[in-house]
Amino acid sequence: MKTKLKQMVMKSVMKKRKANQNFNEAESDLVGLPDDADETINNSDYVKAHDKEGNAFFMRLGRRGGKDGDDPVAEIWFGFCTADGKAYMNSQELYKLSESPIIAECIEPLKEWKFSFKGKVVPVVPGKDRVAEPCGEEIDAEFEGIFTSKQGLFEMARDTHIDSYCRGIAAEKWKKGFSEELKKNHQTRTEQVGHIKCSFKAEGKSYTMDTAALRDRAFGRRLWSYMNHYAWLVGQLEDGRYFNAVMVRYPSVNVIGLKTGYIFENGIYYSLKNLNFPEHFTTTGIAPVKDSATAEYSNGESVKIDFEAKIYFPYKFYDAEGGYDVFEGVTEHVYNGIKGYGITEFSYNHDRSRLNTKRQRE
């Protein structure tokens, strides 16, 4: 009864908050890294796609302010899997922003973005738990792509289903300082379904793609080690739809976590109402190779999402409060029997005790 009462209170608060929101989608595409940003401030752009031939890629440019007045920093993710069975990833994760091998440029808000990579990559193969391991020397590679869309944005704060958000908050103890803790790592995050035409060149070969794609943008405070755990299943289905299912756990929201996402069909983002991941997704610190989750969406659909990662690209982050592992998986999905292709992203705090779902920061 106490939990239900807290859900009712939160629903009232969230309805008022949503009614007062004034989010400008086009302006959000133009937000840059603040001049006074320090190393805790993130401004990032991400894009991913798969095609029917078997090519797949993802890339992320995370712009951060410098530490103690140093130059701004670029966090780089780049992975490309080719239809002929090869895989490559960036060989260096951190650069001065002025020397970033990735450029993400808004050509026209909400309609067109340009993404490029020019730098060193290393050939990789799936190793233990399908985590990528180098299998050759560094080589030069180039990628160029134009992302276009006629769709609007899914904005996490605005479009996350009230029931889903309130369920996660109500599961926690509302002790002193709880509301302040919730604000500690706030950022704006948007996603947009669209299309990409791109090419990748490495080792004398060129691979082209002309396919559905997803663009993700985030800005605000992000301290990687503040998160306990993050899980993301996203993909394009063979029937033309796109799905997304996300769960994140923070010290203040760690019992069932915060869950969001959508199923995109006929030009509409139907928000996720509930999501169930097996407990071991959270507690082991190892990205699952093959498993399933269940979800409910606001279009009335209850689904089972099966996935199997072909390869995980590993990234490590360190900051003043600790370290964090991110595993970015190129994946095959089955969504209620419909085949799909996408990403599984699982990430874990280096402090494994924080993966305990009953623990809150004192």
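A brief structural summary.

Rules of the game
Residues numbered from 1 in each chain as written. Predicted model: local features only at pLDDT ≥ 70, side-chain atom pairs only at ≥ 80, totals over all residues. Heavy atoms only, no water. Helix = DSSP H or I, 4+ residues; strand = E, 2+ residues; numbered from the N terminus. Rg over C-alpha atoms; globule rule 2.2 N^0.38 Å. Buried < 20%, exposed > 50% of the residue type's maximum accessible area, 1.4 Å probe, protein only. Areas by Shrake-Rupley, 256 points an atom, 1.4 Å probe, with all protein chains shown as cover. Lys, Arg positive; Asp, Glu negative; His and termini not counted. Charge placed at Lys NZ, Arg CZ, Asp CG, Glu CD. Pairing = 2+ DSSP bridges. Phe/Tyr/Trp six-rings, centres within 6.5 Å; stacked < 30°, edge-to-face > 60°. Lys NZ or Arg CZ within 6 Å of the ring centre and 35° of its normal. Axes fitted to C-alpha atoms, helices over the stretch in contact; angles between N-to-C directions. Contact = heavy atoms within 4.5 Å.

Looking now at the overall build of the protein chain. What the protein chain contains, in helices and strands, is six helices and 20 strands. Compactness check: the protein chain gives a C-alpha radius of gyration of 20 Å against a globular reference of 21 Å for 362 residues, within 12% of the reference. The C-alpha extent of the protein chain, read off along each of the three principal axes, is 65 × 50 × 40 Å. Counting over 362 residues, the protein chain shows a buried share of 53%. Entry remark: accessible area of the protein chain is about 16300 Å², with carbon and sulfur atoms responsible for 50%. Of the side-chain charges in the protein chain, 52 are positive and 54 negative, and the distance between the mean point of each set is 7 Å.

In this section: unusual backbone geometry. Positive phi values are uncommon outside glycine, yet Leu110 reaches one of about 70°. Summarising the element assignment, Leu110 is placed in the loop between β6 (102-108) and β7 (112-126). For Asn266, which is not glycine, the phi torsion reads 55° and is therefore positive. Looking at the secondary structure, you find Asn266 in the loop between β15 (258-265) and β16 (268-276).

We now examine the pairing of strand β19 (residues 322-335). Regular strands have side chains that alternate between both faces of the sheet. With eleven of 14 residues buried, β19 lies mostly within the body of the structure. Inspection of the sheet shows strand β18 (residues 302-319) paired to β19 by 14 bridges, in the antiparallel sense. Residue Lys316 lies in a different strand from β19, and its bridge partner there is Asp325. The turn joining β19 and strand β20 (residues 338-349), which pair antiparallel and follow one another in sequence, is formed by two residues; a positive phi near 50° is taken by Asn336.

Moving on: the packing of aromatic side chains. Applying the stated criterion across every chain, the model contains 29 aromatic pairs. Taking the centre distance of 4.7 Å and the plane angle of 50° together, the rings of Phe264 and Tyr269 count as tilted. Since its relative accessible area comes to 17%, Tyr269 is described here as buried. Aromatic rings pair up to connect Phe57, Phe78, Phe80, Tyr88, Phe117, Phe143, Phe200 and Tyr207 into one cluster. The ring of Trp77 carries the charged tip of Arg60 above its face, separated from the ring centre by 5.1 Å. Residue placement shows Arg189 over the ring face of Trp232; its charged tip is 5.3 Å from the ring centre.

Now for the sheet that holds strand β14 (residues 242-249). Pairing is antiparallel around the closed barrel formed by eight strands, whose spatial order is β13-β14-β15-β16-β17-β18-β19-β20. Taken pair by pair, the neighbouring strands of this sheet meet at an average axis angle of 30°, ignoring direction. Contacting β15 and β16, helix α4 (residues 162-170) crosses the sheet at an angle of about 30° to β16.

Attention now moves to the pairing of strand β11 (residues 187-202). Looking at chain direction, strand β9 (residues 139-148) and β11 are connected through eight bridges and run antiparallel. The residue bridging Gly145 from the neighbouring strand is Cys198, located in β11. For strand β10 (residues 154-155) and β11, the ladder comprises two bridges, and the chain directions are antiparallel. Paired with Glu155 across the two strands is Thr190, which belongs to β11. In this structure, β11 lies alongside strand β12 (residues 205-221), joined through 16 bridges in antiparallel fashion. What sits directly across from His195, in β12, is Ala212.

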